[in-house]
Amino acid sequence: MVAPARRVALLGGGFSTDDDGLLDDWLLGHARSPRPKVCFLPTASGDASDYIDQFLSAFTARDCEPSVLSLFRRESSDADLRARLLGQDVVYVGGGNTANMLAVWRVHGVDRLLREAYDRGTLLGGISAGANCWMEGSHTDSFGPLTYLRDGLGLLPGSVCPHYDSEPGRRASYRDAVATGMLAAGWAVEDGVGALFSDGRLHEAVTRNPAARLYRVHAEAEHGVGERALPCRLLDGAV
């Protein structure tokens, strides 16, 4: 029996930021089912009700089966939680506080369940904190000022920086963290970009914005840093 591909999608947008829905449609297009079960984890926002409503409004209109897993108002047993997560085709993680989200996941054992789902072929993905969490390390504002976090799930090697082009200080701070070894080499995601990884390697990069890019950022000699823009396919319907 051939093992399923283990896949993660890093999103620089989606239902919470974009009106066109292109990145979410692209994500669903990589699901293993034509009508996928999609579970939203809004943990990083503290399970904010408005965020949940946004997700349900956006995905109920799509050809999928959306649901929401709340951990701040958890009602399911450990067995039900496991069955719920392992029964999904897509797990979509929202933005917010990366460090707090990881701490809550670990208390409830969600970190282990997500790794099991990943190994079974569930497509994992998300925006901002929902992109940060899959890597070994990430660039974050979880503690107030921009800094580094070396405590991710480690499903993908290296590090990631979201909002690379849209938040002041992101680019310089991430480059410095990589240059000084605080974070390993990694991926800088501009808003509008989607990056799909399969079995730990970049499989596809797309964008809804012709000017947006995905960058590979790596350390060079004597605390220098290199940055390489990668080609991104423009999604159909992008303007």
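Residues numbered from 1 in each chain as written. Predicted model: local features only at pLDDT ≥ 70, side-chain atom pairs only at ≥ 80, totals over all residues. Heavy atoms only, no water.

With respect to the overall build of the protein chain
The number of helices and strands found in the protein chain is seven helices and 14 strands. Taking 18 Å as the expected radius of gyration for a compact globule of 239 residues, we find that the protein chain reaches 17 Å, a close match to that expectation. A principal-axis box enclosing the C-alpha atoms of the protein chain has dimensions of 50 × 45 × 40 Å. Taken over 239 residues, the protein chain has a buried fraction of 54%. For the protein chain, the share of sequence-separated contacts (at least 6 apart) that also reach a separation of at least 24 residues comes to 68%. Side-chain charges of the protein chain comprise 24 positive and 31 negative groups, with the mean position of each set lying 5 Å from the other. (Helix = DSSP H or I, 4+ residues; strand = E, 2+ residues; numbered from the N terminus. Rg over C-alpha atoms; globule rule 2.2 N^0.38 Å. Buried < 20%, exposed > 50% of the residue type's maximum accessible area, 1.4 Å probe, protein only. Contact = heavy atoms within 4.5 Å. Lys, Arg positive; Asp, Glu negative; His and termini not counted. Charge placed at Lys NZ, Arg CZ, Asp CG, Glu CD.)

So, the sheet that holds strand E14 (residues 233-234)
Taken together, eight strands build an open sheet; the order of strands is E3-E2-E4-E5-E1-E10-E11-E14 and the sheet is mixed. Two strands lie at the open edges of the sheet, namely strand E3 (65-68) and E14, each paired on one side alone. Inspection of the sheet shows strand E2 (residues 37-41) paired to strand E4 (residues 90-93) by four bridges, in the parallel sense. By the bridge assignment for E4, Leu 41 is matched with Val 93. Across the sheet, helix H1 (residues 22-29) lies against strand E1 (7-11), E2, E4, strand E5 (123-127), strand E10 (193-198), strand E11 (201-207) and E14, angled at about 175° from E1, the strand it touches most. (Pairing = 2+ DSSP bridges. Axes fitted to C-alpha atoms, helices over the stretch in contact; angles between N-to-C directions.)

With respect to the sheet that holds strand E6 (residues 135-140)
The strand order across the open sheet built from six strands is E7-E6-E8-E9-E12-E13, with neighbouring strands paired in mixed fashion. The two strands at the open ends of the sheet, each matched to only one other strand, are strand E7 (147-149) and strand E13 (224-230). Going from strand to strand, the sheet's axes swing by 25° on average, the running direction of each strand aside.

Examining the packing of aromatic side chains
Counting across every chain of the model gives 15 aromatic pairs. Consider the rings of Phe 55 and Phe 59, whose centres lie 4.6 Å apart with planes at 25°: the pair is stacked. Separated by four residues within a single helix, Phe 55 and Phe 59 lie in helix H2 (residues 49-60), roughly one turn from each other. Each member of the pair, Phe 55 together with Phe 59, is buried. An aromatic cluster is defined as three or more aromatic residues linked by ring pairs; in this entry it consists of Phe 15, Phe 40, Tyr 51, Phe 55, Phe 59 and Tyr 92. Stacked on the ring of Phe 59, the Lys or Arg Arg 62 has its end atom at 5.1 Å from the ring centre. (Phe/Tyr/Trp six-rings, centres within 6.5 Å; stacked < 30°, edge-to-face > 60°. Lys NZ or Arg CZ within 6 Å of the ring centre and 35° of its normal.)

Points about the packing of helix H3 (residues 78-86) against helix H5 (residues 110-119)
It is the contact of H3 with H5, at a shortest axis distance of 9 Å, that shows an interaxial angle of 35°. Where H3 crosses over H5, the handedness of that crossing is right-handed. Across the interface between the two elements, Leu 81, Arg 82, Leu 85 and Leu 86 from H3 touch Val 110, Leu 113, Glu 116 and Ala 117 from H5. Considered class by class, the residues forming the contact of H3 with H5 number six nonpolar, no polar and two charged. (Left-handed = near helix turned anticlockwise from the far one by under 90°. Nonpolar A, V, L, I, M, F, W, Y, C, P; charged D, E, K, R; others polar.)

Focus on the side chain of Ser 128
As for its position among the elements, Ser 128 is in the loop between E5 and helix H6 (129-132). Taking relative accessible area as the criterion, Ser 128 reaches 14% and is therefore assigned buried. Among residues more than four places away in sequence, those in contact with Ser 128 are Leu 11, Gly 95, Pro 162 and His 163.

Any link to function would need more than the numbers given here.
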